[in-house]
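What follows is the residue order along each chain.
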Amino acid sequence: MSDTIDGAALLSEVEAFHRRFNVFPTEAAYVAVTLWDAHAHLIDAFDGTARLAFLSPEPGSGKSRALEIVETLTPNAALTVNASANALFRLVEATPGLPTLLFDEIDTVFGPKAGGNEEVRGFLNSGYRRGGTALRCVGDGSNQNAGFFSSYCAVAMAGLGSLPDTILTRSVIIRMRKRAPNEKVEPYRRRTHEKQGHALRDRLAKWAGTVWDAVADAWPDMPEGVTDRPADVWEPLLAVADAAGGHWPERARAACLELVHAGQDDDEASLGIRLLTDLRDKVFCGADRMPTAVILEMLLALDDGPWADVDDKPLNARMLSKLLGQYVTPNNKPIKPRGIRTPTGFPKGYYAEDLADAWTRYCSPPPGESATSATSATPQVNEGSTVADTATAIRHMSAVGATQRTLAG
């Protein structure tokens with residue numbers, strides 16, 4: 001009995017280790033990353049593996065630190081910033097036991113300035129399934145022969161922006177965010193904390209040996225609505241949770257539903273911060289909501305703004321939605337337009353409460369004096385009302401509402 005390992009307790013220790021150094025955006029993220037760490041020790045038992053992608057719209061969001069912690073907890077970890085497809089194939093073939101490939105700064109491989117990198121994409125795509133291989137020439141000089149190289153291994157990535165769709169659909173995506181002022185983590189010191197991570201890694205490896213047969217034969221029940229590729233991605237993680245027992249099966253399925261249904265992220269990170277800042281300081285200016293038409297007219301009228309020429313065209317409602325959709329509300333849902341009641345109708349628009357978390361995390365502190373108007377221009381919107389009229393009315397409604405709430409309190 002002394003050799004019995006409590007899998008649920010062990011996974012909880014792994015999760016607690018991540019929490020010391022990482023601020024993930026949701027509880028679901030902690031669950032998913034913990035299960036992913038454990039699944040890397042059991043990868044030989046599965047027919048497929050989930051890619052793990054730490055992505056964010058801006059630097060300084062903790063992606064690389066998350067990858068560092070994963071490195072201490074997974075078997076045969078190989079951390080790289082850039083590598084050729086041929087080197088990656090040979091790494092898989094040469095590693096005794098499958099490697100856990102950790103790809104930092106993945107945006108340098110697939111970002112807008114990096115080119116296609118189709119061979120690396122092919123490696124990542126084919127290695128998602130057991131038996132994934134690539135045909136390569138091997139030999140010296142003219143003495144070349146064709147040979148198959150395996151690509152099946154666990155892969156975690158960290159980078160800015162997004163990834164090719166073929167990789168995203170094979171990944172558990174963790175949208176990292178800058179820490180808010182009230183979010184604290186313990187400073188990571190490799191000399192000390194790497195040993196602690198390795199101790200957990202060795203215990204995970206020992207536990208994996210005790211559940212290998214059960215996991216290999218497992219057909220975990222999927223949450224309602226999780227099918228096809230998402231089911232393939234989550235199957236090994238749910239199998240790990242079921243093998244661990246305790247509260248992990250329930251938490252794993254809740255995390256699966258949340259992360260599978262999460263919206264896709266976007267690019268245009270730096271432009272996104274400029275947009276958030278302009279919205280706070282030059283458009284909303286204390287209002288609690290603003291119609292999309294008003295937002296666009298006011299942004300386009302800014303003399304020093306980039307909004308008249310975004311991808312060779314003026315900013316429009318679709319582009320605005322795409323830029324804001326890469327950030328999330330305080331409830332960690334992508335920011336989206338909602339209906340707004342105005343003096344002239346019920347148009348779509350945005351609420352300050354949805355933008356508040358992104359403003360806190362990504363924007364510099366507001367100036368000492370808030371702008372009272374984005375521009376002196378007053379282009380026409382709905383039925384003869386102007387941007388200035390509509391914006392003023394909304395700010396007045398916000399102020400009246402705040403006064404009424406204060407009096408009611």
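Being a predicted model, the structure only gives us computed values, none of them experimental.

Some remarks on the packing of helix α9 (residues 228–244) against helix α10 (residues 248–260)
Here is step 1: Where α9 contacts α10, the axes come no closer than 8 Å and their chain directions differ by 160°. In terms of their interaxial angle, α9 and α10 are classed as roughly antiparallel. Pair α9 / α10 crosses with right-handed handedness. Together, P230, W234, L238, A241, D242 and A244 of α9 and W248, P249, A252, R253, A255, C256, L259 and V260 of α10 make up the contact between the two elements.

Focus: the sheet that holds strand β7 (residues 171–175)
Here is step 1: Here we have 5 strands laid out as an open sheet, ordered β2-β3-β6-β1-β7, and parallel in their pairing. Here the strands that pair on one side only, and so sit at the sheet edges, are β2 (77–80) and β7. Sheet twist, expressed as the mean angle between neighbouring strand axes with direction ignored, is 15°.

Quick look at the confidence of the model for the protein chain
Here is step 1: On average, residues of the protein chain score 83 in pLDDT, and 81% of them reach the 70 mark or higher.
Here is step 2: Every residue in residues 263–269 scores below 50 in pLDDT, and together they form 25 contacts with partners more than four places removed in sequence or on other chains.
Here is step 3: Confidence drops under pLDDT 50 across residues 369–388; counting only partners more than four residues distant or on other chains, this segment forms 28 contacts.

Here's the deal with the sheet that holds strand β9 (residues 338–339)
Here is step 1: The strand order across the open sheet built from 3 strands is β8-β10-β9, with neighbouring strands paired in antiparallel fashion. Two strands in the sheet have a free side with no partner beyond their single neighbour: β8 (289–291) and β9.
Here is step 2: Here β8 pairs with strand β10 (residues 348–351) via 3 bridges, running antiparallel. Directly across from R289, in β10, lies its bridge partner Y351.
Here is step 3: Helix α14 (residues 352–362) rests against β8, β9 and β10 of the sheet, and its axis sits at about 50° to β10.

Quick notes on the environment of L200
Here is step 1: Relative to the assigned elements, L200 resides in helix α8 (residues 190–216).
Here is step 2: L200 gets classed as buried once you look at its relative accessible area, which sits at 9%.
Here is step 3: Separated by 126 residues in the primary sequence, L200 and T74 have C-alpha atoms spaced 9.2 Å apart.
Here is step 4: Once residues within four sequence positions are removed from consideration, L200 is found in contact with L10, E13, V14, F17 and L73.

Focus on the side chain of R170
Here is step 1: Structurally, R170 can be placed in the loop between α7 (165–168) and β7.
Here is step 2: Buried and unpaired, R170 has D232 as its nearest opposite-charge partner, separated by 8.5 Å.
Here is step 3: In this view, R170 contacts A50, R51, N125, Y128, R229 and V233; residues no more than four positions away in its chain are not counted.

Description of unusual backbone geometry
Here is step 1: Here D228, not a glycine, exhibits a phi torsion of approximately 55°, which is positive.
Here is step 2: Residue placement: D228 occurs in helix α9.
Here is step 3: Phi is positive for C285, close to 50°, though the residue is something other than glycine.
Here is step 4: The buried category is assigned to C285, whose relative accessible area is 18%.

Notes on the nonpolar core
Here is step 1: L35, F54, V172, I174 and W234 are the most contacted members of the largest nonpolar core, which has 60 residues in total.
Here is step 2: Sort the elements by how many residues they give to this core and helix α2 (residues 27–40) lands first, with 10 residues.
Here is step 3: Excluding residues within four positions of it along the chain, W234 makes contact with A32, V172, M222, A252, A255, C256, L259 and V260.
Here is step 4: In this structure, L276, W307, Y350 and A358 belong to the second largest nonpolar core, which totals 31 residues.

Quick look at the pattern of salt bridges
Here is step 1: Following the criterion strictly, the structure yields 21 salt bridges and no others.
Here is step 2: With a shortest N-O distance of 2.7 Å, D357 and R361 are connected by a salt bridge. Taken as a pair, D357 and R361 lie in helix α14 at a separation of 4 residues, close to a single helical turn. An identical accessibility class is assigned to D357 and R361; each is buried.
Here is step 3: The structure contains a network of salt bridges with shared partners spanning R65, E68, E71, R190 and E194.

Definitions and limits used
Residues numbered from 1 in each chain as written. Predicted model: local features only at pLDDT ≥ 70, side-chain atom pairs only at ≥ 80, totals over all residues. Heavy atoms only, no water. Axes fitted to C-alpha atoms, helices over the stretch in contact; angles between N-to-C directions. Helix = DSSP H or I, 4+ residues; strand = E, 2+ residues; numbered from the N terminus. Parallel < 35°, antiparallel > 145°, perpendicular 65-115°, else oblique. Left-handed = near helix turned anticlockwise from the far one by under 90°. Contact = heavy atoms within 4.5 Å. Pairing = 2+ DSSP bridges. pLDDT = per-residue confidence, 0-100. Buried < 20%, exposed > 50% of the residue type's maximum accessible area, 1.4 Å probe, protein only. Lys, Arg positive; Asp, Glu negative; His and termini not counted. Salt bridge = Lys/Arg side-chain N within 4 Å of Asp/Glu carboxyl O. Core = buried A, V, L, I, M, F, W, Y, C linked by side-chain atoms within 4.5 Å.

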